[in-house]
Amino acid sequence: MIGNARQVADATEEELKRQDEQLDSIYSELQGIDNNLLRAQKLIHIFSRRMATDKCIQCFALMNMLIIVVIIGLAAAGFDLSSGGAGAPSP
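Residues numbered from 1 in each chain as written. Predicted model: local features only at pLDDT ≥ 70, side-chain atom pairs only at ≥ 80, totals over all residues. Heavy atoms only, no water.

**A closer look at the pattern of salt bridges**
Then step 1. This structure, assessed with the given rule, holds two salt bridges.
Then step 2. One salt bridge connects Lys17 with Glu13, and the closest N-O pair in it is separated by 3.7 Å. Of this pair, Lys17 and Glu13 are both found in helix α1 (residues 2-53), four residues apart, which corresponds to roughly one turn of the helix.
Then step 3. Here Lys17 falls in the partly exposed class, since its relative accessible area comes to 43%.
Then step 4. Of the charged contacts in the structure, one is a salt bridge between Arg18 and Glu15, with a shortest N-O distance of 2.5 Å. Here the residue Arg18 and the residue Glu15 both occupy positions in helix α1, the gap between them amounting to three residues, near one helical turn.
Then step 5. Judged by its relative accessible area of 33%, Glu15 is partly exposed. (Salt bridge = Lys/Arg side-chain N within 4 Å of Asp/Glu carboxyl O. Helix = DSSP H or I, 4+ residues; strand = E, 2+ residues; numbered from the N terminus. Buried < 20%, exposed > 50% of the residue type's maximum accessible area, 1.4 Å probe, protein only.)

This is the structure:
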């Protein structure tokens, strides 16, 4: 009976060691993934900051905004924008 209990205890100890090693492996992988995500987040922040400060992008954004405002203004003033552009206000 004691021998049987010792065998069960040894088997349980081996299983716990195996599970402990498995948890350590999972934790290591999780740490690697967490580090990769942190690095990716920093890179995205750097890229977005560079894009926001890029003068060409700012100029194109401003030009697009001005074009949209002009088109809305012309449409509100009654100009026919579908005739090709060189027209007088529609009746």
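**Remarks on a nonpolar patch on the surface**
Then step 1. Nonpolar side chains collect at one region of the surface, where Phe60, Met63, Ile67, Val70, Ile71, Leu74, Phe79 and Leu81 lie side by side and expose about 710 Å² of accessible area between them.
Then step 2. Here Val70 lies in helix α2 (residues 55-77).
Then step 3. In this structure Val70 comes out as partly exposed when scored by relative accessible area, which is 49%. (Patch = residues over 30% accessible without salt bridge, like charges linked within 9 Å, V, L, I, M, F, W, Y side chains within 5 Å. Areas by Shrake-Rupley, 256 points an atom, 1.4 Å probe, with all protein chains shown as cover.)

**Comments concerning a negative patch on the surface**
Then step 1. Side chains of Asp10, Glu14, Asp20, Glu21 and Asp24 sit close together on the surface and give a patch of like negative charge.
Then step 2. Note that Glu14 resides in helix α1. (Lys, Arg positive; Asp, Glu negative; His and termini not counted. Charge placed at Lys NZ, Arg CZ, Asp CG, Glu CD.)

**Focus on the environment of Thr12**
Then step 1. Considering the arrangement of structural elements, one finds Thr12 in helix α1.
Then step 2. Accessibility expressed as a relative area gives 41% for Thr12, which makes it partly exposed.
Then step 3. Note: C-alpha distance between Thr12 and His45 (33 residues apart in sequence) is 49 Å.

**Brief notes about the environment of Asp54**
Then step 1. Checked against the element boundaries, Asp54 lands in the loop between α1 and α2.
Then step 2. When its relative accessible area of 34% is taken as the criterion, Asp54 is described as partly exposed.
Then step 3. Separated by 29 residues in sequence, Asp54 and Ser25 place their C-alpha atoms 43 Å apart.

**Structural notes on α2**
Then step 1. A rise of 1.5 Å per residue sets the reference length of α2, with its 23 residues, at 33 Å; its end C-alpha atoms lie 33 Å apart and thus fit the reference within 8%.
Then step 2. Just downstream of α2, Gly78 is the residue with a positive phi angle, here 100 degrees. (Expected span 1.5 Å × (residues − 1).)

Purely geometric numbers; function is a separate question.
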